[in-house]
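Here are the chains, one letter per residue:
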Amino acid sequence: MTQDPFVAHRGLLFTVAYEMLGSAAEAEDVVQESWLRWADVDRARVRDPRSYLIRIVTRQTLNRLRTVSRRREEYVGEWLPEPLLTTPDVAEDVELAESVSIAMLTVLETLGPTERAVFVLREVFELSYGEIAEAVGKSAATVRQVARRAREHVAARRPRVRVSRAEQAVVVERFLTALRTGRVQELMEVMAPDVVLVTDGGGIVPAALAPIHGVEAVAPVLARANRTVAAFDTWPVWLNGEPAGRIEMDGEPSAISVVVEDGRVTRIHVVRNPRKLTRLDTPAELVR
């Protein structure tokens, strides 16, 4: 029996929705809604199932984005994407790994819904302007303009220097070791002077409500972490296609990802909101 195209492309559809939403839970809902719509489609009239399914998912995601955008305006503290445990082989597709990184998803969050959809579909999944136009309900000429603006917006905010995954892993290991020991000097040595710390507790667990800037301010905050609980541990994991870390404080997990430039950590993202930490045990399927 021939496999249903929706089943064959399910990992791709989840990845599309996740990149646009930054939330695995929301992405799963979108994929389910898209399945219900696909069930009513006359398959004989679908020439390119992959493109057709991406259009369905994009439309559902745009509807969802407009809803969650309002909800995120009321979010307590800083909002960070939901981290996903991944296998090292996701990093073999460099462009995919960069596009799903926490740092990139945070940048994409600064785009409007249509800009984000156009950027993801064009730059990551390489759809034609015509296909994207059908998906977002705009003309191809308008989509070209939106794509150009989105590229410029992202280029101005993404990490300035790409580092190899091997270099990232080395710096992450040093950083996690310093974090585990709680020594301020070791932390300061692995971080850049202008490092920024962003934490997401969602109003559920303690977290800074605004970013903390500068190594002199960030290092003491991180050093205190293992002195506020009875049990504190860190270890390296792969999150969103890149080396990252998992922290456990009295058995409660947190996810930590960093941006590395010139051998030092320049940005730290810590997700503590327990509602966003349900996918740290089973690797997610991210494909394009």
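Keep in mind that what you see is a predicted model, and the values were worked out from it rather than measured.

Caption draft 1: Seen up close, the environment of Val265. Structurally, Val265 can be placed in strand 6 (residues 264-271). Along the sequence, Val265 and Phe175 sit 90 residues apart, while their C-alpha atoms lie 8.0 Å from each other. If near-sequence neighbours (up to four positions away) are discounted, Val265 is found in contact with Val171, Phe175, Val190, Met191, Ala192, Val195, Val258 and Val259.

Caption draft 2: Up close: the pairing of strand 1 (residues 191-200). Buried residues dominate strand 1, accounting for eight of its ten residues. As defined by bridge partners, strand 1 adjoins strand 6 across six bridges and the pair is classed as parallel. Paired with Met191 across the bridge in strand 6 is Val265. Of the strand pairs in this sheet, strand 1 and strand 2 (residues 212-213) are connected by two bridges, and their pairing is antiparallel.

Caption draft 3: A look at the nonpolar core. Residues Phe14, Tyr18, Leu108 and Leu121 are the most contacted members of the largest nonpolar core, which totals 52 residues. Ranked by the residues each element gives to this core, the list is headed by helix 2 (residues 10-21), at eight residues. Discounting chain neighbours no more than four positions away, the residues touching Leu121 are Val16, Met20, Ile54, Thr58, Glu126, Leu127, Ile132 and Ala135. Phe175, Val195, Ile247 and Ile256 belong to the second-largest nonpolar core, a separate cluster that totals 28 residues.

Rules behind the numbers
Residues numbered from 1 in each chain as written. Predicted model: local features only at pLDDT ≥ 70, side-chain atom pairs only at ≥ 80, totals over all residues. Heavy atoms only, no water. Helix = DSSP H or I, 4+ residues; strand = E, 2+ residues; numbered from the N terminus. Contact = heavy atoms within 4.5 Å. Buried < 20%, exposed > 50% of the residue type's maximum accessible area, 1.4 Å probe, protein only. Pairing = 2+ DSSP bridges. Core = buried A, V, L, I, M, F, W, Y, C linked by side-chain atoms within 4.5 Å.

As far as function goes, none of this settles anything; it's purely spatial.
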